[in-house]
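# Breakdown of the fold
The chain contents come next:
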Amino acid sequence: MTPVTRTGDIRIESFLSDTDERSLANDVLDGLTRPFKEIPPKHFYDARGSELFERICELPEYYPTRAERAILLARADSIVRRTGAGELVELGSGSAEKARILLGAMSRAGTLRRYVPLDVSESALEAAAQELVEEFDELEVHGVVGDFERHLGHVPAPDGVGRVDGVGGARIIALLGGTIGNFLPGTRRRLLREIGRLLGPRDRLLLGTDLVKNPAVIEAAYDDAEGVTAEFNRNVLHVINRELGADFSPEAFEHIAFFDRRHEWIEMRLRSQRPCTVLVGDLGLRVDFAAGEELRTEISAKFTRPRVEEDFHAAGLELDTWYTDPDELFALSLAARA
Ligand code: SAH
Ligand code: TRP
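Every value quoted in this text rests on a predicted model; they were computed, and no experiment measured them. Here the residue numbering is sequential within each chain, running from 1 through the sequence in written order. Lettering for chains starts from A, numbering for ligands starts from 1, and both go in the order in which the items are written. Predicted model: local features are reported for residues with pLDDT of at least 70 only, side-chain atom pairs are reported and counted for 80 or more only, and whole-chain, interface and lining totals are derived from all residues. The side-chain values count all of the structure's non-hydrogen atoms but skip hydrogen atoms and water molecules.

On to the site of ligand 2, then. With respect to spatial proximity, 13 residues lie near ligand 2, and among them Tyr 62, Asn 182, Tyr 222, Glu 298 and Ser 300 are the closest. Side-chain atoms alone can form a polar contact between residues adjacent in sequence; in general such a contact is a pair of N or O atoms within 3.5 Å, and within protein one must be able to donate a hydrogen while the other accepts it. In this structure, an oxygen atom belonging to ligand 2 sits 2.5 Å away from a side-chain N or O atom of Tyr 62. Reported accessibility uses the Shrake-Rupley method at a 1.4 Å probe radius. Residues are deemed covered only where the shown protein chains occlude them. Calculation on ligand 2 without its partners gives an accessible area of 360 Å², and the protein chains cover 98% of this total. Structurally, ligand 2 is housed in the largest pocket. Under the DSSP-based scheme used, a helix requires at least four consecutive residues in state H or I and a strand at least two consecutive residues in state E, with every element numbered from the N terminus. Looking at the shell around ligand 2, the elements that each hand over two or more residues are α8 (228–244) and β12 (294–301). Only a single heavy atom is needed: when it lies within 4 Å of a molecule or strand, its residue is near that molecule or strand. Computed over the protein atoms alone on a 1 Å grid, cavities are sets of points where a 1.4 Å probe fits but cannot get out and pockets are open sets with protein on both sides within 12 Å along at least five of seven lines; a residue lines them when it has an atom within 4 Å of a point. Put plainly, a molecule is in a cavity or pocket when over half of its atoms are within 2 Å of the grid points there.

Structure (structure tokens):
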């Protein structure tokens, strides 16, 4: 049975639990036994990981959050007017800071009805839901604790569908923060296609993508002077230690971030500073790291408008409107089903 909690205007359903542990176990087993080791990024976000990510968003070097927020502040009213949306579905909602801007615009337009955040981080989702219902009287929150690679089928049907007046039916389905860039190109297109299947004729996808720019600017954003990003990166080892009974020494791994110019993505790795053997107790797995051996933990692809359009096309979507900030650091795309 799906655990459901309900208080006032908040309903939260969770689809994680033991399947989630299995997903970490599978990913660690697959990822650490490859010739080139890697771990998928969603495992960064336990409660501590979500907090560290919030701190990353405030760093002077981490421009994407500020740039995307600036676009939303300038354009939220016109996005809402253009779509007529009264419902926001947000995949990877985190602290929902950006959702607040869109919900505010819906409230001003008089269409606001419901917010559907979906995130693997239950702690972040609950806190965001609580703050938002306090801020917007008319708002209902239907949160989904889940993995957007596996649980899109649990996004509730659009609110207001079946009403004679059809009011409030249109939705914005948002994937912000450049999260789409954290997937390799093939997976990225598959995920866009799956998200596209949720879109009705009046619904729109709102996609945030970081743009190609001077590599030094990008590298600084993923390797800040204070070392918050390094801590965030190493947090995945703490998660594996705790959840799977492993014995990584996170301090023995150095944070690496470099811009891969051929693929136009930034890559994050953890480099073992000395030879070591790690035991992953729950999997009965022994993994050797050579001195200097690297574990890939994240890619964050940077986009151009043609690349976004190609990805949409391959995923059965089509660009409707392209918005950027004045410095063209970041872009928001509104897209429809082709
Ligand atoms: N949208 C916010 C947060 C971006 S960080 C912003 O723009 O600032 C990425 C968020 O996506 C985190 O909250 C993380 O918990 C969530 N996330 C990452 N992978 C996920 C997955 N596979 N399924 C659901 N949520 C995921
Ligand atoms: N989606 C964010 C991005 O690509 C996630 C992120 C920011 C991140 N900084 C990070 C992931 C550092 C891993 C390590 O910008």
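A word on the packing of helix α2 (residues 47–58) against α8. Where α2 meets α8, the axes come as close as 9 Å, and the angle between the chain directions of the two elements is 165 degrees. When the axes of α2 and α8 are compared, the pair comes out roughly antiparallel. Classified by chirality, the crossing of α8 by α2 is left-handed. Contacts between α2 and α8 involve Arg 48, Gly 49, Leu 52, Phe 53, Arg 55 and Ile 56 on the former and, on the latter, Val 228, Thr 229, Glu 231, Phe 232, Asn 235 and His 238. Whenever a helix is involved, its axis is fitted only over the stretch in contact; in every case the axis is a line through C-alpha atoms, and angles between N-to-C directions fall within 0 to 180 degrees. Should an angle fall under 35 degrees it is called roughly parallel, over 145 degrees roughly antiparallel, and 65 to 115 degrees roughly perpendicular, with every other angle called oblique. Left-handed describes a crossing in which the near helix is turned anticlockwise from the far one by less than a right angle; the clockwise case is right-handed. By the convention used here, residues are in contact when the closest approach between their heavy atoms is within 4.5 Å.

We now examine the layout of surface pockets. Grid points are joined across faces, edges and corners, and a volume is the space filled by probe spheres set on the points. Looking at the largest pocket, its volume works out to about 1000 Å³. At the level of elements, α2, α3 (63–83), α4 (97–109), β4 (114–119), α5 (122–135), α8 and β12 are the ones that each hand at least two residues to the lining of the largest pocket. Per-element tally for the lining of the largest pocket: the top contributor is α2, with eight residues. Throughout this entry, Asp, Glu, Lys and Arg are counted as charged residues, while Ala, Val, Leu, Ile, Met, Phe, Trp, Tyr, Cys and Pro are counted as nonpolar. The remaining residues, Gly among them, count as polar. When its residues are assigned to classes, the lining of the largest pocket shows 21 nonpolar, 16 polar and 13 charged.

Right, let's get into the site of ligand 1. Near ligand 1 lie 18 residues; those nearest to it are Gly 92, Lys 98, Asp 119, Asp 147 and Phe 148. At a separation of 3.3 Å, a nitrogen atom of ligand 1 approaches a polar backbone atom of Val 120. Protein coverage of the free-state accessible area of ligand 1, which is 570 Å², stands at 94%. In this structure, ligand 1 is accommodated by the largest pocket. For the shell around ligand 1, the residue count by class is six nonpolar, seven polar and five charged.

Moving on: α3. Along its 21 residues, α3 runs 28 Å from first to last C-alpha, staying within 8% of the 30 Å computed at 1.5 Å per residue. At Arg 75, α3 is bent by approximately 60 degrees, the largest bend along its length. For every residue, the accessible area obtained with a 1.4 Å probe (protein chains only) is divided by the maximum for its type, and the residue is called buried under 20%, exposed over 50%, and partly exposed between those limits. Among the residues making up α3, those that are buried are Tyr 63, Pro 64, Thr 65, Ala 67, Glu 68, Ile 71, Leu 72, Ala 76, Ile 79, Val 80 and Thr 83. Residue Gly 84 follows α3 closely and has a positive phi angle near 70 degrees. Multiplying 1.5 Å by the helix residue count minus one yields the expected span of that helix. The reported bend at a residue is simply the angle between two axes, fitted to the 7 residues ending at it and to the 7 residues beginning with it.

Below, the discussion takes up the sheet that holds strand β9 (residues 265–272). Two strands form a pair only when DSSP identifies at least two bridges running between them. Spatially, β8-β9-β12 is the arrangement adopted by the three strands of the open sheet, whose pairing is antiparallel. One side of each edge strand has no neighbouring strand; the edge strands of this open sheet are β8 (253–260) and β12. Taken over all neighbouring pairs, the strand axes of this sheet differ in orientation by 20 degrees on average, direction set aside. Of the pairings in the sheet, the one linking β9 to β12 comprises seven bridges and is antiparallel in character. When the sheet's bridge partners are listed, Ile 266 is paired in β12 with Ser 300. This element, α8, spans β8, β9 and β12 of the sheet and lies at about 115 degrees to β8.

Moving on, we come to unusual backbone geometry. Where the residue is not glycine, phi is negative for most of them; where a peptide bond is considered, it is trans in most cases. Of note, the phi angle at Ala 96 is positive, near 60 degrees, even though the residue is not glycine. Considering the arrangement of structural elements, one finds Ala 96 in the loop between β3 (87–91) and α4. The class of Ala 96 is buried, set by a relative accessible area of 2%. In the Ramachandran plot, Glu 264 falls in the positive-phi region, its phi being about 55 degrees despite a non-glycine side chain. Given the relative accessible area of 21%, Glu 264 is considered partly exposed.

As a further point, take the packing of α3 against α4. In helix packing, the relevant descriptors are the interaxial angle and the interaxial distance, both defined with respect to the helix axes. Running from N to C, α3 and α4 point in directions that differ by 15 degrees, and their axes come no closer than 9 Å. When the interaxial angle is binned, α3 and α4 end up roughly parallel. As for how α3 packs across α4, the hand of that crossing is right-handed. Residues Thr 65, Glu 68, Arg 69, Leu 72, Leu 73, Ala 76, Asp 77, Ile 79 and Val 80 of α3 lie in contact with α4, whose contacting residues are Lys 98, Ile 101, Leu 102, Ala 105, Met 106, Arg 108 and Ala 109.

Inspection of every chain in the model, using the stated rule, returns one cavity of 30 Å³ or more. Of the pockets and cavities examined, the largest cavity occupies roughly 30 Å³. In terms of lining, the largest cavity is formed by Ile 180, Arg 188, Leu 192, Leu 207, Thr 209, Phe 303, Val 308, Asp 311 and Phe 312. Secondary-structure elements contributing two or more residues to the lining of the largest cavity are α6 (185–196), β7 (204–210) and α9 (305–314). Per-element accounting of the lining of the largest cavity gives the leading share, three residues, to α9.

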